[in-house]
Amino acid sequence: MKLLLIETATQVCSVAIAEDDKILALRESDEPNAHSSHLAPYVDEMIREIGMTTSDIEAVGVSAGPGSYTGLRIGVSSAKGFCYATGAPLVAVPTLFSMASLYYRRHPEYHGIVCPMIDARRMECYTMIVAGDQILRDTQADIITEGIYNDYLNGGEVTFIGDGTAKSRPLLATHPNARFDEDFRPSAEGLLPTAIAKMAAGKTEDVAYFEPFYLKDFIAKKSVVHGLR
């Protein structure tokens, strides 16, 4: 099965094409506010690189949130557009679970817990607690305080990943079982195992009605760009 995978829920714009469990092509950028300008060209580049056509794509996997409101809108809108144009089914993958899946994929020797963290401003992070392919605690918006994850840390190693780790580390690093990977970057590659499993189980989304999982309401702010009000 050939899949198009789209990850735009964070500051990283990542797009991949995979066949079964193998990534055939990958494009990524962490350039700020550039998801909308990069995503479609990346898809076109990869399809040409591999020698495919859009009709060869049999499913589209998209990072479903939580994360950046704008990034999620761009990714999901693009995924829906591709599905409408080609008839490919849409598969939604929780963003935090895809991050954890990617960490385990890249660190097969690791058998501890993973806590993916997406910065949600101030001292808040979107988090999930994952052990292998099992979700121990589903997505929440946590206000990070000392000892908040001790129930998990007391049982063994917990590795914190994602852009929320930098601000969380001073409060969590006092526990001897806390580990941090501040260099971890989300990638469309992390969507692959869940997208394959959902396709096999027939768990696809209604392209007309699917919406990203924002977790919190969008709050519009006054533009800081000169000349805009």
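You'll find the structure just up there.
Cut-offs applied
- Residues numbered from 1 in each chain as written.
- Predicted model: local features only at pLDDT ≥ 70, side-chain atom pairs only at ≥ 80, totals over all residues.
- Heavy atoms only, no water.
- Helix = DSSP H or I, 4+ residues; strand = E, 2+ residues; numbered from the N terminus.
- Rg over C-alpha atoms; globule rule 2.2 N^0.38 Å.
- Buried < 20%, exposed > 50% of the residue type's maximum accessible area, 1.4 Å probe, protein only.
- Contact = heavy atoms within 4.5 Å.
- Areas by Shrake-Rupley, 256 points an atom, 1.4 Å probe, with all protein chains shown as cover.
- Lys, Arg positive; Asp, Glu negative; His and termini not counted.
- Charge placed at Lys NZ, Arg CZ, Asp CG, Glu CD.
- Pairing = 2+ DSSP bridges.
- Axes fitted to C-alpha atoms, helices over the stretch in contact; angles between N-to-C directions.
- Core = buried A, V, L, I, M, F, W, Y, C linked by side-chain atoms within 4.5 Å.
- Patch = residues over 30% accessible without salt bridge, like charges linked within 9 Å, V, L, I, M, F, W, Y side chains within 5 Å.
- Salt bridge = Lys/Arg side-chain N within 4 Å of Asp/Glu carboxyl O.
- Phe/Tyr/Trp six-rings, centres within 6.5 Å; stacked < 30°, edge-to-face > 60°.
- Parallel < 35°, antiparallel > 145°, perpendicular 65-115°, else oblique.
- Left-handed = near helix turned anticlockwise from the far one by under 90°.
- Nonpolar A, V, L, I, M, F, W, Y, C, P; charged D, E, K, R; others polar.

## So, the overall build of the chain
Next up, step 1: Along the backbone of the chain there are 6 helices and 10 strands.
Next up, step 2: For a compact globule of 229 residues, the expected C-alpha radius of gyration is about 17 Å, and the chain comes in at 18 Å, within 12% of that figure.
Next up, step 3: Principal-axis analysis of the C-alpha atoms gives the chain an extent of 50 × 50 × 30 Å.
Next up, step 4: The buried share of the chain, taken over its 229 residues, is 49%.
Next up, step 5: Within the chain, contacts between residues separated by at least 24 positions form 62% of all contacts whose residues are at least 6 apart in sequence.
Next up, step 6: Carbon and sulfur atoms make up 50% of the accessible area of the chain, which totals about 11400 Å².
Next up, step 7: Here the chain contributes 21 positively and 30 negatively charged side chains, and the mean placements of these two sets differ by 7 Å.

## As for the sheet that holds strand β1 (residues 2-7)
Next up, step 1: Strand order across the open sheet formed by 5 strands is β3-β2-β1-β4-β5, with mixed pairing between neighbours. On the outer flanks of this sheet lie β3 (22-29) and β5 (90-93), each paired with one strand and no other. Averaged over neighbouring strand pairs, the angle between their axes works out to 15° when direction is ignored.
Next up, step 2: Note: β1 against strand β4 (residues 59-63), 4 bridges, orientation parallel. Paired with L4 across the two strands is V60, which belongs to β4.
Next up, step 3: Relative to β3, helix α1 (residues 35-50) is tilted by about 150°, and along the sheet it contacts β1, β2 (13-19) and β3.

## A short note on the nonpolar core
Next up, step 1: Formed by 26 residues in total, the largest nonpolar core has its most connected members in L4, I6, V15, V60 and L90.
Next up, step 2: Looking at this core, the elements that each hand over two or more residues are β1, β2, α1, β4, α2 (69-86) and β5.
Next up, step 3: Residues in contact with V15, not counting those within four places in the same chain, are L4, L5, I6, A25, L26, R27, L39, Y42, V43, M46 and A188.
Next up, step 4: A100, Y103, Y110 and F184 belong to the second largest nonpolar core, which has 16 residues in total.

## Comments concerning a negative patch on the surface
Next up, step 1: On the surface, D20, D21, D56 and E58 cluster together to form a negatively charged patch.
Next up, step 2: The topology assignment puts D56 in the loop between α1 and β4.
Next up, step 3: A relative accessible area of 32% means that D56 is categorised as partly exposed.

## Some thoughts on the packing of aromatic side chains
Next up, step 1: The full count for this structure, using the stated rule, is 6 aromatic pairs.
Next up, step 2: Between Y69 and Y214, the aromatic rings sit 4.6 Å apart at their centres with planes inclined by 25°, giving stacked as the arrangement. Taken together, the residues Y69 in helix α2 and Y214 in the segment after α6 (192-201) connect sequence positions 145 residues apart.
Next up, step 3: An aromatic cluster of at least three residues, connected via ring pairs, comprises Y103, Y104, Y110 and F184.

## Examining the packing of α1 against α2
Next up, step 1: The N-to-C vectors of α1 and α2 enclose an angle of 30°; their axes lie 10 Å apart at closest approach. With respect to α2, the element α1 is oriented roughly parallel. Note on packing geometry: the crossing formed by α1 with α2 is right-handed. Taken together, the residues of α2 that come into contact with α1 (itself represented by H35, S36, L39 and V43) are G71, I74, G75, S78 and F82.
Next up, step 2: In terms of residue class, the contact of α1 with α2 is made up of 4 nonpolar, 5 polar and no charged.

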